[in-house]
Amino acid sequence: MTTDAARPLDTARPGRAVSQPADDVPGPEIDTPYVTMLVRELLIALGEDPGRAGLLDTPARVAAWWRDFLSPDPSAMATCFTETHASDQLVVVGGLNVWSLCEHHMLPMKLDAHVGYLAHGTVLGLSKFGRIAQRHAGRLQMQERFTRQLADAVIAAIGHEDVAVTVHGVHLCMSMRGVRMETARTSTVQASGRFKTDPLLSQQFLTLTTAGRRGAP
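Just so it is clear, the structure is predicted and the values come from calculations on it, not from any experiment. (Residues numbered from 1 in each chain as written. Predicted model: local features only at pLDDT ≥ 70, side-chain atom pairs only at ≥ 80, totals over all residues. Heavy atoms only, no water.)

**Re the pairing of strand E3 (residues 108–119)**
Part 1 of the argument: Of all 12 residues in E3, 10 are buried; the element is thus mostly enclosed.
Part 2 of the argument: Judged from the 11 bridges that link them, strand E2 (residues 89–102) and E3 form a sheet pairing that is antiparallel. Opposite Asn 97, over in E3, you have Asp 112 as the bridge partner.
Part 3 of the argument: A loop of five residues connects E2 with E3, the two strands running antiparallel in sequence, and Met 106 in this loop sits at a positive phi of about 55 degrees.
Part 4 of the argument: Bridge analysis of E3 against strand E6 (residues 163–171) gives nine bridges, and the strand direction is antiparallel. Across the sheet, Met 109 pairs through a bridge with His 171, a residue of E6. (Buried < 20%, exposed > 50% of the residue type's maximum accessible area, 1.4 Å probe, protein only. Helix = DSSP H or I, 4+ residues; strand = E, 2+ residues; numbered from the N terminus. Pairing = 2+ DSSP bridges.)

In structure tokens form, the structure reads like this:
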């Protein structure tokens, strides 16, 4: 057990403003040395000895993870291509699996996103869907907000509102704490444009994005 006394933390951080990140902007730059110190203090408060062999480098590793996770690649610029033969075609990109963090408990949530849009003579580069999803997942989040942000980003990229997004989430804040429902899943849907007004189109999208999920863990 450590003999270090827990020290009061300078949580106010004079001279450093605390801001709420906007919907489309990742969080502020991470102060890695300060986070390292905070993790060390947390270990002490939990009755651990940060000086023992197994924990010696843990604060720095944890701080590096927070820095990397909350600083996703900002180069998620959407690339669109003109394709006249894809006019009014339904395009669905699924399997966009990303990790995010619940902002209420700071525990991981695994999100499986699917995006659908109508290609009105323009298609969006496929790799960009994953980058856009990672960009909005790499922060303290809510699944409902993430779903809307992903839809809004695709709408902005393709220039029209015929877009729909479904997200299926596994939340560790529900699986490993509280009610501890390990099999609980959360699904969210964001639809706009013709996906809100055309029942057949909406059903086609939902059928494609739920196929194979029956019995999924």
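**Here we look at the pairing of E2**
Part 1 of the argument: Where E2 meets strand E5 (residues 140–141), two bridges bridge the pair, whose relative direction is parallel. Counted as the bridge partner of Cys 102 is Gln 141 from E5.

**A word on unusual backbone geometry**
Part 1 of the argument: One non-glycine residue with positive phi stands out, namely Met 106, at about 55 degrees.
Part 2 of the argument: Mapping Met 106 onto the fold places it in the loop between E2 and E3.
Part 3 of the argument: Positioned with a positive phi, Arg 180 is a non-glycine residue whose angle comes to about 55 degrees.
Part 4 of the argument: Position of Arg 180 relative to the elements: it lies in the loop between helix H5 (172–175) and strand E7 (186–191).

**A word on the environment of Val 165**
Part 1 of the argument: By secondary structure assignment, the location of Val 165 is in strand E6.
Part 2 of the argument: Residue class for Val 165 comes out buried when judged on its relative accessible area of 0%.
Part 3 of the argument: Leaving out residues up to four positions away in the same chain, Val 165 has contacts with His 114, Val 115, Thr 147, Leu 150, Ala 151, Thr 188, Val 189, Gln 190 and Phe 205. (Contact = heavy atoms within 4.5 Å.)

**With respect to helix H4 (residues 143–158)**
In an α-helix, one turn spans 3.6 residues; hence positions three or four apart end up facing the same way.
Part 1 of the argument: Helix length check: H4, at 16 residues, gives a terminal C-alpha distance of 23 Å against a target of 22 Å (1.5 Å per residue), a fit within 8%.
Part 2 of the argument: Three or more residues of H4 are buried, namely Gln 143, Phe 146, Thr 147, Gln 149, Leu 150, Ala 151, Val 154, Ile 155 and Ile 158.
Part 3 of the argument: Downstream of H4 by a residue or two, Gly 159 has a phi angle that is positive, lying close to 85 degrees. (Expected span 1.5 Å × (residues − 1).)

**Here's the deal with helix H7 (residues 199–210)**
Part 1 of the argument: Counted at 1.5 Å a residue, the expected span for H7 with its 12 residues is 16 Å, and the 16 Å between its end C-alpha atoms agrees.
Part 2 of the argument: Taken together, the buried positions of H7 are occupied by Leu 201, Phe 205 and Thr 209. An end-on view of H7 places all buried positions within 60 degrees of arc, on one side of the element. Seen from the open side of H7, the exposed residues pointing more than 90 degrees away from its buried face are Pro 199 and Leu 200. (Arc of directions from axis to C-beta.)

**With respect to the packing of helix H3 (residues 126–137) against H4**
Part 1 of the argument: At a minimum axis separation of 10 Å, H3 and H4 run at an interaxial angle of 140 degrees. Viewed along their axes, H3 and H4 adopt a mutual orientation that is oblique. Where H3 crosses over H4, the handedness of that crossing is right-handed. Across the interface between the two elements, Phe 129, Ile 132, Ala 133, His 136 and Ala 137 from H3 touch Phe 146, Gln 149, Leu 150, Ala 153 and Val 154 from H4.
Part 2 of the argument: Taken together, the residues of the contact of H3 with H4 break down into eight nonpolar, two polar and no charged. (Axes fitted to C-alpha atoms, helices over the stretch in contact; angles between N-to-C directions. Parallel < 35°, antiparallel > 145°, perpendicular 65-115°, else oblique. Left-handed = near helix turned anticlockwise from the far one by under 90°. Nonpolar A, V, L, I, M, F, W, Y, C, P; charged D, E, K, R; others polar.)

**Overview of the sheet that holds E3**
Part 1 of the argument: Pairing in this open sheet of five strands is mixed, and the strands run E5-E2-E3-E6-E7 from one edge to the other. Because the sheet does not close on itself, it has two edges, and the strands there are E5 and E7.
Part 2 of the argument: On top of the sheet, H3 reaches E2, E3 and E5; it is set at about 30 degrees to E2, its chief contact.
Part 3 of the argument: Across the face of the sheet, H4 comes into contact with E2, E3, E5, E6 and E7 while running at roughly 150 degrees to E6.

**Topic: the side chain of Thr 147**
Part 1 of the argument: Within the secondary structure layout, Thr 147 lies in helix H4.
Part 2 of the argument: When neighbours within four sequence positions are excluded, Thr 147 is seen to be in contact with Val 165, Val 167, Thr 188, Val 189 and Gln 190.

**Description of the nonpolar core**
Part 1 of the argument: One finds Tyr 117, Phe 129, Phe 146, Leu 150 and Val 163 to be the most contacted residues of the largest nonpolar core, which totals 24 residues.
Part 2 of the argument: Of all the elements in the fold, those that place two or more residues in this core are E2, E3, H3, H4 and E6.
Part 3 of the argument: The contacts of Phe 129, once residues within four sequence positions are left out, are Val 93, Leu 96, Val 115, Tyr 117, Leu 124 and Val 154.
Part 4 of the argument: Counting residues in each nonpolar core, the second largest holds eight residues, with Val 39, Ala 63, Phe 69 and Leu 101 among its members. (Core = buried A, V, L, I, M, F, W, Y, C linked by side-chain atoms within 4.5 Å.)

Function cannot be read off these values alone, since they describe shape.
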